[in-house]
Amino acid sequence: MTKPNNNPNEIDRSKRIFTIYPNKESKFDVYEDDRISSDYLKGRCATTEIVVNGPRSNSQGDLLISIDKTRGEYEGMIKERSTLLQIMASKDVDQVKAAVNGETMVMTKANGYDDFERSVNAYYFKEDFEVNPYLSSYNVLQSVLLIKVGEHDVTTHHVQIKVSGYANEGKVFGEKDGRDERLDPPKGFKVLDDALTPTTITVHWSRVDEASYYEIERDGVVFSNLQGDSFTFEGFEHDTKHVFRVRAAKDGVSEWSERVEVQTLQDPYRSVVKGVRVACNIPCQPCQEICHLTNGDLTSLWHTHWHKTPTGEKKGEALKLSFDLGDVYELARFEYTPREDAGNGTFLKIRHKYSVDGEKWSPLSDTIAWVRDASVKSVDLYGAAMRYIEIHILDTVGGFGSGRQMRFFKKV
């Protein structure tokens, strides 16, 4: 983490901050790059491995934290940095020890927060710490153990921390086993079929009088502190089975409802041709290259260069996209997904032609006109066999070219 900022130029790169929520053993890599260029695509980036070993939640014991040497580099990388750990804790600790490359460091317990801010190689337990200053209006305060280690070269120094008498105690949702006789199991627990997708499942139930919240067990894992009478689970694989049940909770919990089993829908893109190569006859905007148009990722964007000659029949060179499917397929259709705001570059008029061998081509289609919006545009191909496709863009918003995806569907 870094201090709050509004743009990369405001970041103080001489300080690194790690916020840690210990619970038994965990390990993760912290990634960084210059935050400005696309050099990360060339491997110009760095990672730092963090390993945490400590007591489970609501237990007390020693906490061990390992911050490995940072590996990799990028343009403008600052190696000499201080380290601040913000560790969620419920009470003050007995002692903090630190070592850098195996050499013990003297860690001082600060007399107050101001003293800690002025100190180097110090620690302090703060009961009312503001983890996220942007949430200050909500008065979200937490108790944390703050540990600061002075500047050193992060690429050559391994930092180890040992905290004695560490605990993070508090209410843990989902661990209630006591039966509350006032609570009946929620009735009418079901899956909403009209909201079922290949990756999401929405469940619904009737509210229970006296219930403060609800808990849902999904495939053996309990999700707690749920409000209302419905909840949507996301991130499933296509065409997979899942089992759910629900219970009400307050001081204790009700009995579980009956289980419901559901299967996510099939992948809507299962017949899409994969690995399609595409070329554009107009330069592309850096980091928004033409390959984004066929990579299967709706979060990416292709856009022609912002400062090159706009396209169109009356604005210079016409924009042409050339696709190679990699083999001959009978295609049912192709789909164009515009940018989400239907802004610059969104296609308005196109024509297309296709070929099996790249030598003999079909005639250009009639002009196809689309309204300016972000909806997916579909063009029927009626099972025609092809490997190569050319799309001529006759009119676009602003004369540029852009899009999130172009997909080609095989005939099934």
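Thresholds applied
- Residues numbered from 1 in each chain as written.
- Predicted model: local features only at pLDDT ≥ 70, side-chain atom pairs only at ≥ 80, totals over all residues.
- Heavy atoms only, no water.
- Phe/Tyr/Trp six-rings, centres within 6.5 Å; stacked < 30°, edge-to-face > 60°.
- Helix = DSSP H or I, 4+ residues; strand = E, 2+ residues; numbered from the N terminus.
- Buried < 20%, exposed > 50% of the residue type's maximum accessible area, 1.4 Å probe, protein only.
- Lys NZ or Arg CZ within 6 Å of the ring centre and 35° of its normal.
- Pairing = 2+ DSSP bridges.
- Axes fitted to C-alpha atoms, helices over the stretch in contact; angles between N-to-C directions.

- Looking at an unreviewed UniProt entry, one finds the chain named Fibronectin type-III domain-containing protein and attributed to Iphiclides podalirius.

### Some words on the packing of aromatic side chains
Reasoning step 1: The final tally for this structure, using the stated rule, is eleven aromatic pairs.
Reasoning step 2: Arranged with centres 4.9 Å apart and planes meeting at 70 degrees, the rings of Phe-231 and Phe-233 form a pair that is edge-to-face.
Reasoning step 3: Here the aromatic rings of Phe-233 and Phe-244 are separated by 5.3 Å at their centres, their planes lie at 45 degrees, and the arrangement is tilted. You can see Phe-233 sitting in strand β17 (residues 230-233) and its partner Phe-244 sitting in strand β18 (residues 241-249), a full eleven residues away along the chain. Pair check on accessibility: Phe-233 and Phe-244 agree, each one buried.
Reasoning step 4: Grouping aromatic residues by their ring pairs yields a cluster made of Phe-223, Phe-231, Phe-233 and Phe-244.
Reasoning step 5: One residue, Lys-353, lies across the ring of Trp-361, its end atom 5.1 Å from the ring centre.
Reasoning step 6: Positioned above the aromatic ring of Tyr-269, the side-chain terminus of Arg-407 is 3.8 Å from the ring centre.

### Some details on the sheet that holds β18
Reasoning step 1: Read from one edge to the other, the open sheet built from four strands follows the order β16-β15-β18-β19, with strand pairing classed as antiparallel. Lying at the two open borders of the sheet, with one neighbouring strand each, are β16 (221-226) and β19 (260-263). Here the average twist between neighbouring strands, direction ignored, is 25 degrees.
Reasoning step 2: Strand direction decides the pairing type here: β18 and β19, joined by four bridges, are antiparallel. Paired with Val-243 across the bridge in β19 is Glu-261.

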